[in-house]
Amino acid sequence: MSLSQWGLLTIGAPLVTFVLFLLGVGRRPTLTVALSLTTAALACAGTWAMAITLPEAGYQATTPWAATADFSIHLGIRLTGLSTAMGLVVGTIHLLVQLYSLGYMATDPAQARYFAVLSLFASAMLSVVYAADLIQTFIAWELVGLSSYLLIGFWNFKPSAAQAAKKAFIMTRFGDLGLFLGLALLMLNMPVEAGGARNLLIALILEAVANNDLAGNLFGYDQHTVIGLLLLCGIVGKSAQFPLHSWLPDAMEGPTPVSALLHSATMVAAGVYLFALLQPLFLASSITSTVALGIASFTAVMAAGVAMVNPDMKRVLAWSSISQLSFMLMGLAAGSEVAGFFHLVTHAGFKCLLFLSAGIFIHLAHSGDLTEIGRKVGSRSRAASLGLLVGAASLAGVPAMAGFMSKEVILAQLHQPGYEGFYWLALLGSAMTAYYATRMAAVILRSDSAAVSHHRDTEQTKQEVDHDSNHQGGLADSIMAMTVVGLALVTLGLGWLGPQLAGHLGLDAELVAIDWDSMGVGLAVTALLAGGGLAWYDYGRTGAYREGFLSGLPAIEAMLKDGWHMDRCWRWVSDKIIAGLTLSALFIDRRAIDRSIDGVADGARSGGVLAASLQSGRLQWYLSLTLAVLAVALILLEWK
Amino acid sequence: MAWLDSHLLTSILLCPVIGLALTALIPASRTGAIKLSAAIVSGISCALSILLWQRFDPSTSRLQFTERMEWLPDLGITYIVGIDGLSLPMVLLTGIVFFTGVLTMWELENRVKEYFAFTMALVAGVFGVFISQDLFFLFLFYELAVLPMYLLIAIWGSTRREYAAMKLTLFLLAGSALLFPALIGLSHYSGLNTFDLTLLSDANTDWGGMGIIIFLFLYLGFGVLAGIFPFHTWSPVGHVAAPTAVSMLHAGVLMKLGSYGVLRVGMQVMPEEMVRWAPLIAALAVCNILYGAFVALGQTDLKYVIGYSSVSHMGVVMLGLATMSAAGISGAVFQMFAHGIMTALFFSSIGHIYDHTHTREISRLGGLFTTMPRASTVFIIAGMAGIGVPCLASFWAELLVFIAAVKKWPLAGALAIFGLVVSALFVLRVVQRSFFGPERDDWKDMPDMGNFMATPRVILAAVLLLFGFAPFLMLDQLAASVDALVQVLEASP
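Conventions and cut-offs
Residues numbered from 1 in each chain as written. Chains lettered and ligands numbered in written order. Predicted model: local features only at pLDDT ≥ 70, side-chain atom pairs only at ≥ 80, totals over all residues. Heavy atoms only, no water. Helix = DSSP H or I, 4+ residues; strand = E, 2+ residues; numbered from the N terminus. Buried < 20%, exposed > 50% of the residue type's maximum accessible area, 1.4 Å probe, protein only. Contact = heavy atoms within 4.5 Å. Areas by Shrake-Rupley, 256 points an atom, 1.4 Å probe, with all protein chains shown as cover. Lys, Arg positive; Asp, Glu negative; His and termini not counted. Charge placed at Lys NZ, Arg CZ, Asp CG, Glu CD. Rg over C-alpha atoms; globule rule 2.2 N^0.38 Å. Buried area = accessible area lost by both parts, 1.4 Å probe. Salt bridge = Lys/Arg side-chain N within 4 Å of Asp/Glu carboxyl O. Nonpolar A, V, L, I, M, F, W, Y, C, P; charged D, E, K, R; others polar. Phe/Tyr/Trp six-rings, centres within 6.5 Å; stacked < 30°, edge-to-face > 60°. Lys NZ or Arg CZ within 6 Å of the ring centre and 35° of its normal. Axes fitted to C-alpha atoms, helices over the stretch in contact; angles between N-to-C directions. Parallel < 35°, antiparallel > 145°, perpendicular 65-115°, else oblique. Domains from an automatic or database assignment. pLDDT = per-residue confidence, 0-100. Polar contact = N/O pair within 3.5 Å; in protein donor to acceptor, adjacent residues only side chain to side chain. Expected span 1.5 Å × (residues − 1). Pairing = 2+ DSSP bridges. Patch = residues over 30% accessible without salt bridge, like charges linked within 9 Å, V, L, I, M, F, W, Y side chains within 5 Å.

Undergrad: Before we move on, could you go through the overall build of chain A and cite the residues and values that matter?
TA: Looking only at helices and strands, chain A features 26 helices and 4 strands. The principal-axis extents of the C-alpha atoms in chain A amount to approximately 115 × 65 × 55 Å. Across the 640 residues of chain A, 59% fall into the buried class. Taking the intrachain contacts of chain A between residues at least 6 apart in sequence as the baseline, contacts between residues at least 24 apart amount to 79%. Carbon and sulfur atoms provide 66% of the accessible area of chain A, an area that totals close to 24200 Å². Between the centroid of the 34 positive side chains of chain A and the centroid of its 40 negative side chains there is a distance of 11 Å.

Here it is as C-alpha cells:
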C-alpha cells in the first residue's frame, strides 16, 4: 500500500465506525464494539506503517477541497518525522484505551455510542496530526473538541456531566476564537499562489516563515507577533493553560478511559502538537515565545499547587496534566525542537497508565477519594499498584524513569542565560510534582501506616461508583489488568527511546543525551528528593500524620483546593458580563425596538379610530362639519 | 421529456400550482388523499430541483434553462425565468424544505385542505422569486409568497398567533411598499423601460442622485424580510407562533428571499451603490450576528431561541454579501442554503417535542435525551451546525464569510467571530437544560419519533452532512457566477 492509502486508512477507518453507528449499526452493540476495535487496530497499524516507511524527505499528498477565486482549502496528509511520531502515540494509546474500555464499559447500556464517539475522537485527532493544510487542522481540531464534548457528557443524565461538557466546549471555543482569527490573518498574508488564490498548506507556511515572507506590520505590530499570539490563544484553550485551564479538572465527569485518552494523546495534546508543528512561526517573534514561556511556567507551578492538596485521585491527575503540559510548552517555547515533544510522548505513556490504574482503583473502591481508595483497596490490586508505582515514579521524575528523561531535556534547554526565571520556576514545579506524585502513591499504597483515616467522599465519584458497581466479571477485570501491566512495561522503556525519537525527527541524538554529571541533573534530583521526601514525611512513613504540610497554612490550602478561585472568576464573567450583555440586549429588543415598532402600529390604529369617529352617521354632525370646512376655506381664500 | 427539458424551471414552478389545484378539487373530508397529493407534488418538485442541480453547467455565469414569453410589452414586462449559480442553491433549498415540510405535517388534523392549499401558494411564490429574471414577476411572486403566511400563522399557529400574524404581515407589506417604487424607479430611471434584470444589469446606467434612494429602498425593502437589525422583531415572533412546517418554510426559505433580493437586484443592478453602502450593510450585519446571539441567549422559549439564532445567522449572510469578494459572496450563498436546511431541522425537532409535551419552556423540559433520543439527536445535530462545527454545511459558509470579513474590515470580522462563542453558549445552554440532565417524570411516557416521522429529519440532516463533508459540491456550482459578480463590483468606482 502507498503512503496516501495508509493515511486514508488510518484517518478513515475509525471514522467509518462512527458513520456506520449513525447509520443504524448502533442498534447492535456487539457489532459496533467489534467494528470499533477492528478499526482502532487498523488505524494503529497504519500509524506504524507510515512511521516505518517514511521517506527521508517526508511525504505529502493533498487534494483541493473547497476553493473560491481568492482562497483554496486542501485536505490531505503530510508525513514528517514529527507527524508520524505523534501519530504512533495517538494510534497506540487509542488502541489500548479501546481494549481497556472493553472491560470498563462492558455493562453500560449505551456502550455502542461510547465506542462510536471514541472512534470519532481518534479519527479527528489523527487528522489533526497528519493534516497538510492548517484549515484541515482547524477542522479536525474542532471535531476533537466536539467528540470531547460528547464523551465528557457521555453520562448526560448527570447534571454535573452535562455542565462539565458544556464548560469544556465553551472554554476551548473561547481560545479557538483567537486561533480562527489568527488563521484568517495568516491566510490573508500568505504569498499568493499560482492562480491567484491563497492557501494555508503547512509546508508553505513553514517555507514562508523560513524565507521571512511573513515579515511586515499588522495593526502596528510585527506580523509574526500578532498571528503567533492569536494562534497561541487556541493552544492555551486546548492544552488547558492559564487562564483557560479550569475545564480540564471538570472533564473528569466522563468515563475514566476517556480521561486516559483525553489527557495523554488527544485533545490536550493537540495544543502542544500545534505549537510543535508551527514552532518556527512562534519562535520568529521573541514576544510570542516569551509570552508562551511565561504562561506555561506560571501554569506549571499553579496547577502543581492544586494537585498537592486535592483529595480526589482523578482530579489530582487532571491538575497534574495541566502542569505537565506546561512543561512541554516551556520546552518548545524555549526553542528546543525535541524536548517538549519528547515529554509529550513519555507523558502520554505514563499519564495514560495512571488513569487506567485509577480506573481499576476507583472501580474496586467505589470511590475516587485517595484516602478511601487506600483504605479499601490499597495495594491489594497488583496490576493497579504496579501501574500507579511506575506512573507516579515517572511523573515525579525518578532518574531513569520516562518522565525524568524527557523533563531533564526540557530543564537542560531552560538552563541557559536569559531563561533563569523560567528555569527556577520549572525546578519549583518539579519539586511540587514530586510531592503530589509521592503523596498520591503513599496515600493509596501505604494506607496501613496511617495514624488516622479520613473519610471524604465527593459527589462526583459517588455517581461514577453507581455506574461502576454495575459491572462485575472476571473477564472484564482481567482485560483491564492486562492492559495496565502491558502499558506499565512500555512506559518503563519509553524514557530510553529519546535518541530514536530525535533520529526520527531528523535531529541529532545529542539533543536528548543527558549529562549525568551536570549541575542540572543534581538540581533536578534535589528537587525530587525535597518534594518526594516532604510528601513521604507527611504521608508515607510509618506513623505519618497524613496531613499535608500545607494544612498549617489554611488560607493557602483553601485557595489551592478551590483551584486558585479561577472557577469563581469565570463564573463572574458568565454571571456578570455575559448575563449583563444578554439582559441589555433583551431590554433593547423588547423595550426599545419592539415597543417603538408596535408604537407605530398603535399610532396608525388610533389615527384610524380618530378618523372613523368622523363617520358618525348623524346628519347634523356632517352638516356642521361641512359648514366649518367651508368657513375655514373662505377665510383662507380671503386671506390671500 | 423534450418539453420537460426545455421547460424545467416552469415545471418546477407549476408543481405547487398543480398541487394547489389538486387540493382544491379533493373534498375536504378526504384528508389522506390531500396529504398524499401534497407529498407527491412536493416530492416531484424536489426531484426536479435535484435534476436541475445535476444538469446545471457550472462553467458559465450566464443564465441557464431560460424561457421567455412576452407578457405586457408596452410596460416592458416579460415572463423570463432562468437561473445562474446564485439562484440554483435557492431552488434546491426550496425543493428540499417543501418536501420535508409536507412530510413533517403528516399528522395535521385541523383544516387540512386549507393548510395545504396555502402552503402550495406560498411555495409557488418562493420558487417564482428564485427563478424570475423579470423584476415585475419577481415582485409578483414575492407578494404571493408573503401573503399566505398571514393565514397560515393566524389559523394554525400557537402563542399569540393573531398578533404575530398581523405584525409579520405589516412588516412585510411595509417592505413591499418600499420595493414597489424602487422597482418602478429602476425601470424608469434606467431609461430602458424594461423590467428585464439582465438588460438592467448590463446597461451600466448612471443613476445619478436617484441611485441612493432606489438602493436604500431596495435594501430596506428586501432587508426587512432578511431580518436586518433593527427591523427583525417580526421574525422571531412569527417563528414562535407559526406551526412547525410554516416555521420551517419561514426561517428556511422565506427569509432567504430578502437576502436573495439584495444580492440579485441590489448588488447586480446597482454595483456602484453597493460599493458605497457596503460599510453600513456590514455594520448592521455585525449587529445582527452579535445582538441576535445575545438576545437568543436570554430567551426562555425554545422557538424564540432558534428564532433569534436565525437573526444572528442571517447576519452572516449579509456580512458575506457586504464583503463583495469571491469568498464572502460564495460563503453568503452557501450560508443561505445551509441555514435554510439547519433551521428547518431545528424547527422540525422542536415541533415534535411541542406536539407531545405541549411546552417549549426550556426550564420545564429536561432529560429529553433519555426520553426522546431521536428528536434530541436531531436538535443536537442542528445545534452543532448552528455553532459552526465542521463537517456540517454551515461551517464552510461561516469560514469563508469570516475570512473575507477579516480581510475587508478586521474589527468587524473579529466581532463576527466572537459571535461564534455566543452562539455556542446559547445552543449548548439549551442542550444542557432541555435535553441533558435527569429524566423528568412528566415526559417519561412521551413517544419518540417513529420511523416515518423521522424521515424528513434524516433527509435534512443528511443534506447538512453531505455539504459539510463535500463543500466543493456547492462551491463549484457557485464559482462562475460569483466571479462574474465580483468582477462587476470591482470594476465599479
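Undergrad: Which residues make up the overall build of chain B, and what values do they have?
TA: Along the backbone of chain B there are 20 helices and 2 strands. For chain B, the C-alpha radius of gyration of 21 Å lies close to 23 Å, the compact-globule estimate for 493 residues. Seen along its three principal axes, the alpha-carbon backbone of chain B occupies a region of about 70 × 55 × 40 Å. Considering only residue pairs separated by 6 or more positions, chain B has 81% of its internal contacts joining residues 24 or more positions apart.

Undergrad: Requested: an account of the interface of chain B and chain A, with residues and values cited.
TA: In this complex, chain B contributes 55 residues to the contact, which on the side of chain A involves 49 residues. Across the interface of chain B and chain A, roughly 4800 Å² is buried in total on both sides, 76% from carbon and sulfur atoms. If you sort the residues of chain B by the area they bury against chain A, Phe 294, Ile 403 and Gln 432 of chain B come out on top, with a joint share of 12%. Taken together, the connections running from chain B to chain A amount to 1 salt bridge. Across the salt bridge formed by Asp 598 of chain A and Lys 167 of chain B, the nearest N and O atoms sit 3.3 Å from each other. The element that contributes the greatest number of residues to the side of chain B that touches chain A is helix H18 (residues 410-435) of chain B, accounting for 12 residues. A breakdown of the residues in the side of chain B that touches chain A according to their chemical character gives 41 nonpolar, 9 polar and 5 charged.

Undergrad: Account for the packing of aromatic side chains, with residues named and values stated.
TA: Applying the stated criterion across every chain yields a total of 39 aromatic pairs over all chains. Both rings, one in Trp 71 of chain B and one in Tyr 79 of chain B, keep their centres 6.2 Å apart while their planes meet at 40°; by these two values the pair is tilted. Overall, Trp 71 of chain B belongs to the partly exposed group, its relative accessible area being 47%. Ring plane angle 65° and centroid distance 5.1 Å describe the contact between Phe 346 of chain B and Phe 379 of chain B, whose orientation is recorded as edge-to-face. Residue Phe 346 of chain B is found in helix H14 (residues 326-357), and its partner Phe 379 of chain B is found in helix H16 (residues 373-386); the two are separated by 33 residues along the sequence. Of the two residues examined, Phe 346 of chain B and Phe 379 of chain B, each falls in the buried class. Grouped by ring-pair contacts, the aromatic residues Trp 71, Tyr 79, Phe 136, Phe 137, Phe 141 and Phe 195 of chain B constitute a single cluster. If you follow Lys 407 of chain A out to its NZ or CZ, it ends over the ring of Phe 327 of chain A, 5.2 Å from the centre.

Undergrad: Quick rundown of the packing of helix H6 (residues 135-156) of chain B against helix H7 (residues 161-189) of chain B? Include the residues and the values.
TA: For any two helices packed against each other, one specifies the crossing angle of their axes together with the interaxial distance. Residues and elements named next belong to chain B. Close contact between H6 and H7 brings their axes to 9 Å; oriented N to C, the two are set at 170°. Taken together, the axis directions place H6 and H7 in an arrangement best described as roughly antiparallel. Residues of the contact of H6 with H7, tallied by class, amount to 20 nonpolar, 2 polar and 2 charged.

Undergrad: Break down the side chain of Gln 324 of chain A for me, with residues and values.
TA: All names here are of chain A. Looking at the secondary structure, you find Gln 324 in helix H14 (residues 313-333). In this structure Gln 324 comes out as buried when scored by relative accessible area, which is 1%. Residue contacts for Gln 324: discarding those within four places in its chain leaves His 343, His 347, Phe 350, Lys 351, Leu 395, Thr 433 and Tyr 436.

Undergrad: Describe in detail the domain arrangement of chain A, supporting the description with residues and values.
TA: Annotation of chain A at the domain level lists domain 1 (304-549) and domain 2 (564-639). Computed over C-alpha atoms, the centres of domain 1 of chain A and domain 2 of chain A are 68 Å apart.

Undergrad: Got a sec to walk through the confidence of the model for chain A? Specific residues and values, please.
TA: Counting all residues, the mean pLDDT for chain A is 85, and 96% of those residues have values of 70 or more. Note that residues 450-471 of chain A has pLDDT below 50 and, in this model, 49 contacts with residues that lie over four places away or in other chains.

Undergrad: Would you mind going over the environment of Thr 323 of chain B in detail, with residue names and values included?
TA: All names here are of chain B. With respect to the secondary-structure elements, Thr 323 resides in helix H13 (residues 302-323). According to the relative accessible area criterion, Thr 323 is buried, its value standing at 3%. Distance in space between the C-alpha atoms of Thr 323 and Ala 393 is 20 Å, their sequence separation being 70 residues. Excluding residues within four positions of it along the chain, Thr 323 makes contact with Gly 328, Ile 329, Ala 404, Ala 405, Lys 408 and Trp 409. A polar side-chain atom of Thr 323 sits 2.7 Å from the main-chain carbonyl oxygen of Gly 320.

Undergrad: Can you lay out helix H5 (residues 112-131) of chain B for me, pointing to particular residues and giving the numbers?
TA: Taking 1.5 Å per residue, 20 residues should reach 28 Å; H5 of chain B reaches 29 Å between its end C-alpha atoms and fits that length. Along H5 of chain B, 17 of the 20 residues are buried, which leaves the element largely enclosed by surrounding structure.

Undergrad: An account of the pairing of strand E1 (residues 59-67) of chain A is needed here, citing residue identities and associated values.
TA: Residues and elements named next belong to chain A. Across 8 bridges, the pairing between E1 and strand E2 (residues 72-79) is antiparallel. Directly across from Ala 66, in E2, lies its bridge partner Ile 73. Linking E1 to E2, which pair antiparallel, is a turn of 4 residues.

Undergrad: Please provide a residue-by-residue account of a nonpolar patch on the surface, values included.
TA: Together, Trp 3, Leu 14, Val 17, Ile 18 and Leu 22 of chain B make up a nonpolar patch on the protein surface, roughly 430 Å² of accessible area in all. Mapped onto the secondary structure, Ile 18 of chain B falls in helix H2 (residues 8-25).

Undergrad: Tell me about the packing of helix H25 (residues 566-614) of chain A against H7 of chain B, and name the residues and values.
TA: One way to put it is that H25 of chain A packs onto H7 of chain B with a least axis distance of 12 Å and a crossing angle of 80°. Classed by the angle they form, the pair H25 of chain A and H7 of chain B counts as roughly perpendicular. On H7 of chain B, the residues that touch Asp 594, Ile 597 and Asp 598 of chain A of H25 of chain A are Tyr 163, Lys 167 and Phe 171 of chain B.

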